Structures are given as structure tokens and as C-alpha cells.
Amino acid sequence: MTTTLLLARHGQTVWHAENRYAGVSDVALTETGRAQAEALGRWAGAHPVDAIWTSTVSRAIATAEPACRALGLTPHREHELRECDFGVMEGRTLAEFAAQDPAAAAAFRADPVAHPFPGAEDPRAAADRGAAAVRRIAAAHDGERVLVVAHNTLLRLILCRFLSIPLAHYRRALPQLHNAAVTELRMDAESVGLISLNVPCEQASA
């Protein structure tokens, strides 16, 4: 059977509003982020899902809470859905890094997989753990609709893995997943299909 996976990025945080890398840091939602979470909850109420999974990072948990409340579901939490660790970039902007080390910033822009930030998680390892987690979730909910709330870079790496896009191109092919927007995948044991990408939850359809 086919599982429908509805992947959503968490709501806006203070750091993301300033274009700072949050990664594994625990950064709270802004008022805008909380409103985005409520919008996702309204969408879930109109397009019910059978299960909700989140990363173990608080901003993802908080984003999923309105949807859980709307549907009376208890969320499942999966540590392997956490955001990538960005090493020295946690809490910093790319512009700040470029001012300090322009050569390293240029190398990252050219190929973020071959030249990740100093101290950062290997993007290939992050893609592997995230894709494996999503496949486990799909297998556990065969034939169901599942909302998965996670993070911008991790979700882009996962999508590249599933859609056979070279990981080195993740920033160019998928520049950004909008906060609380929905990307729909259909997955079975043999294949993954992209139904919609980065759709604002106020517009996403079942």
C-alpha cells in the first residue's frame, strides 16, 4: 500500500527571522511562528491525518501542537528528524561567516556537501538518517496519512535523497521550505512520488 507523507517545516523562530542558522539549538517560535503553527492546525483539522510525528526539537513540537489538538492525536517524536548540526554557524548568519572567512563561505556556497561549515554534521549522514526515519514512519503507517514536522535543511536533504537530486545541489534546487508549508509525498516499498512542494498550509489540499 501507499503512505501519504505531509512534510512541514516548523514555524518561524527569532533566529530564522534574522536568517540565523538554528540547527540543533533550542530556539523558541516567534509570535509569527505561533500563528503559522495555528494555521497548520487549521489545515490539519480540514484535511485530517492519521498520525503526527515531529523531531525532538522544541520548535517542531510546538508547531505540531495545534494540529494534535485539532485532531485529538498524541504526537510521536523521532530524534532522527532533528535539524542538522551547523557547527560554528549555530546562531550566526552566512553573511557574518563570510566576513570572517570569505574563502570558506564561498566554498560552502559552491558545494555545501563537500565543504560544510566547520564542526557541522556531514550533510550526507544527515540525509541518510532523515530519509531512514521517514521510511520507518511510512512503514509504520502503511496506507495512512501522516504529518511530519521537521526542519528546513534536513527536509531538503531528505527530498534530494528521495527524488534523486544530487545532495550538493540542495540549496539551489530547493532554496527554501517556507515555515509551516506542506510538501506531499506518496511512498510505498519501492518508490517515492512528489505530489506537491512547499504549499502554504492555508492553500494545501488533500
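Residues numbered from 1 in each chain as written. Predicted model: local features only at pLDDT ≥ 70, side-chain atom pairs only at ≥ 80, totals over all residues. Heavy atoms only, no water.

Caption draft 1: Geometry of the pairing of strand 4 (residues 145–150). In terms of burial, strand 4 is largely enclosed, as 6 of its 6 residues are buried. Pairing geometry for strand 1 (residues 3–9) and strand 4, over 6 bridges, is parallel. Its bridge partner being in strand 4, Leu6 is matched across the sheet by Leu147. Judged from the 4 bridges that link them, strand 2 (residues 51–54) and strand 4 form a sheet pairing that is parallel. Paired with Thr54 across the strands is Val149, a residue of strand 4. (Buried < 20%, exposed > 50% of the residue type's maximum accessible area, 1.4 Å probe, protein only. Helix = DSSP H or I, 4+ residues; strand = E, 2+ residues; numbered from the N terminus. Pairing = 2+ DSSP bridges.)

Caption draft 2: Region of the structure containing the nonpolar core. Of all hydrophobic cores here, the largest spans 40 residues; its most connected members are Leu5, Phe117, Val148 and Phe162. Setting aside anything within four residues of it in sequence, one finds Val148 in contact with Leu5, Leu6, Leu7, Ala8, Trp53, Leu81 and Ile137. In this structure, Leu40, Trp43, Ile52 and Val182 belong to the second largest nonpolar core, which totals 17 residues. (Core = buried A, V, L, I, M, F, W, Y, C linked by side-chain atoms within 4.5 Å. Contact = heavy atoms within 4.5 Å.)

Caption draft 3: The pattern of salt bridges, seen in detail. For the structure on display, the rule yields 10 salt bridges. In this structure, Arg82 engages Glu80 in a salt bridge whose closest nitrogen and oxygen atoms are separated by 3.2 Å. Residue Glu80 is classed as partly exposed on the basis of its relative accessible area of 26%. One salt bridge in this structure joins Glu184 and Arg186, with 2.6 Å as the shortest N-O distance. Taken together, the salt bridges that share partners define one network made up of Glu18, Arg20 and Glu96. (Salt bridge = Lys/Arg side-chain N within 4 Å of Asp/Glu carboxyl O.)

Caption draft 4: Looking closely at the pairing of strand 6 (residues 192–199). As paired strands, strand 5 (residues 182–187) and strand 6 are joined by 5 bridges and run antiparallel to one another. Pairing of Val182 across the sheet is with Val199, part of strand 6.

Caption draft 5: Focus on the packing of aromatic side chains. Within the structure shown, the criterion is met by 4 aromatic pairs. Here the aromatic rings of Tyr21 and Phe117 are separated by 5.2 Å at their centres, their planes lie at 75°, and the arrangement is edge-to-face. Residue Tyr21 is found in the loop between helix 1 (14–17) and helix 2 (31–46), and its partner Phe117 is found in the loop between helix 5 (102–110) and helix 6 (123–140); the two are separated by 96 residues along the sequence. Side by side, Tyr21 and Phe117 carry an identical accessibility label, which is buried. Each ring, one from Phe108 and one from Phe117, has its centre 4.0 Å from the other, and the planes form 25°; the classification is stacked. Comparing Phe108 with Phe117, the two get one shared label, buried. Here the aromatic cluster, defined as three or more aromatic residues joined through ring pairs, consists of Tyr21, Phe86, Phe97, Phe108 and Phe117. (Phe/Tyr/Trp six-rings, centres within 6.5 Å; stacked < 30°, edge-to-face > 60°.)

Functional significance is not addressed by these values, which are geometric in nature.
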